[in-house]
Amino acid sequence: MIDTNQPAPPGLEGPGFFATSMDKVVGLARKNSLWPLPFATSCCGIEFMATAASHYDIARFGSERPSFSPRQADLLMVMGTIAKKMGPVLRMTYEQMAEPRWVIAVGACASSGGIFDTYSVLQGIDRIIPVDVYVPGCPPRPEQIIEGLLKIQELAANETTRRRDTEEYKALLESYSIS
Amino acid sequence: MPFSNEEILGFVQTTIGEGLVHSSEPFDFLTIEVKPESLLHLVGSLKNHPQYQFTFMTDLCGVHLPEQKGKELGAVYLFHSWTTNTRIRVKTFAPIENPSIPSMTAHFNSANWMERETYDFYGINFTGHPNLVRILNVDDMDYFPMRKEYPLEDQVRRDKVDSMFGR
Amino acid sequence: MENQLVKNSALPDLFPTDKEAFANELTTLNLGPSHPATHGVFQNVLQMDGERIVSGVSTIGYIHRAFEKIAEHRPFYQITPLTDRLNYCSAPINNMGWHMTVEKLLGITVPKRAQYIRVIAMELARISDHLICNSILGLDAGAFSGFLYVFQEREKIYEIYEEICGSRLTTNMGRVGGMERDLNPKAIAKIKQFLIDFPAVWKEFGDLFNRNRIFMDRVINVGAISKEMAMDYGFTGPNLRAAGIDYDVRVMNPYSSYEDFQFDIPVGENGDTYDRFMVRNEEVWQSLRIIQQAIDNLPEGPYHADAPHYYLPEKEDVYTKMEALIYHFKIIMGEIDAPVGEVYHSVEGGNGELGFYLMSDGGRAPARLHFRRPCFIFYQAYAEMAKGMMLSDAILVLSSLNVIAGELDA
């Protein structure tokens, strides 16, 4: 259930002022302006185009401007099968993104290789980059892609301002050999 | 009006004679098997023939038939004459030790990538091809994956239990 | 006085005195594989002289999923979901083409009603494919509204697919021997409503683009291809018809009752981007005509062939009758062998002649299955076509060719 009357984060309210913690404010701002990088490779890319079009419209969740340059994007949406030939390209795209960055694996192929259990397909993008949200489906309906986006919004709203400094995150990037 | 299979077959026999190894008509589709040496001459004659005009190459693919000793790897060509609506399938085979077939790029430019794909999958060497390198698989792959002896799945994986996935 | 900076040998020679050599340097530009303008993952490494392309090398295979190898390990009815993912913008055409190939091998005749339903699904898929191609061409030329407007109509086509088979994009529609279920009244009502509502929308889309001065200046005489070059490079489909040759598989080798329908084949003159756009535009009108005729003359009868060896029996029969139970078991567990033989069947896909070459050695799975993919064959010509063009024109030519990555790499 999407509540468009978003309540303010818990804080101290008074005439003419509102005090809350910095994390909450930054989280609120970040979650409502996630600019996606649509890394669309195959069929899920067409469902993304349907999601971005006017019927399902992800622009109302703040993803108004799809950025094709990784340096200007917040959210890497990997949609479609990633073959082993494409793996280094995806990795290069992820490494160019600036913090804070999140990754959605849309579709069965991006999550785990999907129906293509073959020698040429990467069995899930989490073999090369860390993934925050997996959206299963082949292809997932636009409503499911939007739900994946909402889960990323929850993550963005509730984590610390500088996730990149936490020990857990650093260990995660170490395990992927991303400097 | 499409020409009859008998007529085309007769023309093929007069053109390449001994080069014709076998002919059949599965589902009324004339299919001939020729020796690699006679391939280009036959296709050129079919293409430039004033009545038949097989000026379009529909398809080119490879096959691996391990039970045919000495002729395991083959290339299958489909030609189509748009003016007379006649189709013909031409096959040619080569041994697996050193498979070598003349390149169809001499007659049709569309054979370029199709032969690269066949080389990528089966390892057939098309002599006379301008740029015979891999096209679909990664460049440093050292085997030809569509050959029957190689498995479908990636062997370097630890997370799928083969018995549960029916392999 | 000499410039001390230039004389200093430790610095690179930034301003060579030989202006000729400097002027003839070419820039290498890497277009893709992840790029907003390429619809799908393929890469073009272009040598540019300023803004003009001198030569290019296309590399593909970034989404190679080894369909042909997978097909050698799957029974015939499990290959249908693979065919969905070839040209995923018009999945029903691929599905039906595959079913017709297997029916040719097995010698099954499909009843008229099922053939008409297949024609309706295939023409809707063709409309859906051309809608994407033309609106994305507009998007690349800078016109965003056409894309949004047209995708609303594609949602209606998706709703019709959902009524027929349950799925939106990768449809897995139909079965070997016919369709899996009959067209329910809601599906027929939705198709009829689509035929009433859509022509006004498509006319409006045409009014936005067809005689639009800005659009016409961008696409006329851009990427022209001659008839001889098109035939030589294996073009089929709208790209070939834009060049002036009226080859359409539906007319040359009719399948699935296409000979019952009246429709024209739009043919262009110059083979440039504008002609490809207009041919697809007109093909949508012709597809609407075919769907209208099919839904008006939909014959009564069974929606699948009487082929108990290959078509799953009704569930009530499976639970009550012995033969149905045995057939059900044999079909699912793969105890029924196919005849030995080889067959080639082609359909008119959204991009051209989509062919299926099937060699069967009697087992459950094909011995060899090869997809004749139109995108793979005509994309070879792109590097030739792009020579001498400006970069922005080359992008539009790429969009107008309608290269779908799934069909390119398979």
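Residues numbered from 1 in each chain as written. Chains lettered and ligands numbered in written order. Predicted model: local features only at pLDDT ≥ 70, side-chain atom pairs only at ≥ 80, totals over all residues.

Quick notes on the interface of chain B and chain C
Each side of the interface is counted separately: chain B has 27 residues, and chain C has 29 residues. Broken down by secondary-structure element, the contributors of at least two residues to the side of chain B that touches chain C are strand S3 (56-64), strand S4 (73-81) and helix H3 (111-122) of chain B. A per-element tally of the side of chain B that touches chain C places S3 of chain B first, with 6 residues. Class assignment for the residues of the side of chain B that touches chain C results in 18 nonpolar, 7 polar and 2 charged. (Contact = placed C-beta atoms within 7 Å. Helix = DSSP H or I, 4+ residues; strand = E, 2+ residues; numbered from the N terminus. Nonpolar A, V, L, I, M, F, W, Y, C, P; charged D, E, K, R; others polar.)

Some thoughts on the interface of chain A and chain C
Contact residues are listed per partner, giving 27 residues for chain A and 25 residues for chain C. Those elements giving two or more residues to the side of chain A that touches chain C turn out to be helix H2 (43-52) and helix H3 (87-96) of chain A. Among the elements that take part in the side of chain A that touches chain C, H2 of chain A stands out by supplying 5 residues, more than any other. Looking at side-chain class alone, the side of chain A that touches chain C contains 16 nonpolar, 8 polar and 3 charged residues.

Examining the nonpolar core
Generally speaking, a soluble globular protein has its nonpolar side chains buried in company with each other. Of all hydrophobic cores here, the largest spans 201 residues; its most connected members are Leu76, Met77, Val78 and Val106 of chain A. Ranked by residues supplied to this core, first place goes to helix H6 (residues 112-141) of chain C with 15 residues. Aside from chain neighbours lying at most four places away, what touches valine 106 of chain A is Cys44, Phe48, Met77, Val78, Met79, Val135, Pro140, Ile145 and Gly148 of chain A. (Core = buried A, V, L, I, M, F, W, Y, C linked by C-beta atoms within 7 Å. Buried ≥ 20, exposed ≤ 12 C-beta atoms within 10 Å, placed from the backbone.)

Details of unusual backbone geometry
Glutamate 99 of chain A connects to proline 100 of chain A through a cis peptide bond whose omega is -10°. The linkage connecting cysteine 138 of chain A with the following residue, proline 139 of chain A, adopts the cis geometry, with an omega of -15°. Considering the arrangement of structural elements, one finds proline 139 of chain A in the loop between strand S6 (133-135) and helix H5 (142-158). A positive phi is found at phenylalanine 27 of chain B, a non-glycine position, where the angle reads about 55°. By the C-beta count within 10 Å, which is 13 here, phenylalanine 27 of chain B ends up partly exposed. Positive phi, close to 65°, is recorded for serine 257 of chain C, a residue that is not glycine. Relative to the helices and strands, serine 257 of chain C is located in the loop between helix H12 (249-252) and helix H13 (273-296).

Section: the sheet that holds strand S5 (residues 102-106) of chain A
Residues and elements named next belong to chain A. Across the sheet, which stays open at both edges, the 4 strands sit in the order S3-S4-S5-S6 with parallel pairing between neighbours. The sheet is open, and its two borders are formed by strand S3 (36-40) and S6, each paired with just one other strand. The average undirected angle you get between the axes of adjacent strands in this sheet is 20°. Of the pairings in the sheet, the one linking S3 to strand S4 (residues 75-79) comprises 5 bridges and is parallel in character. Of the residues in S4, the one forming a bridge with proline 36 is leucine 75. (Pairing = 2+ DSSP bridges. Axes fitted to C-alpha atoms, helices over the stretch in contact; angles between N-to-C directions.)

Bear in mind that shape data such as this cannot, by itself, settle questions of function.
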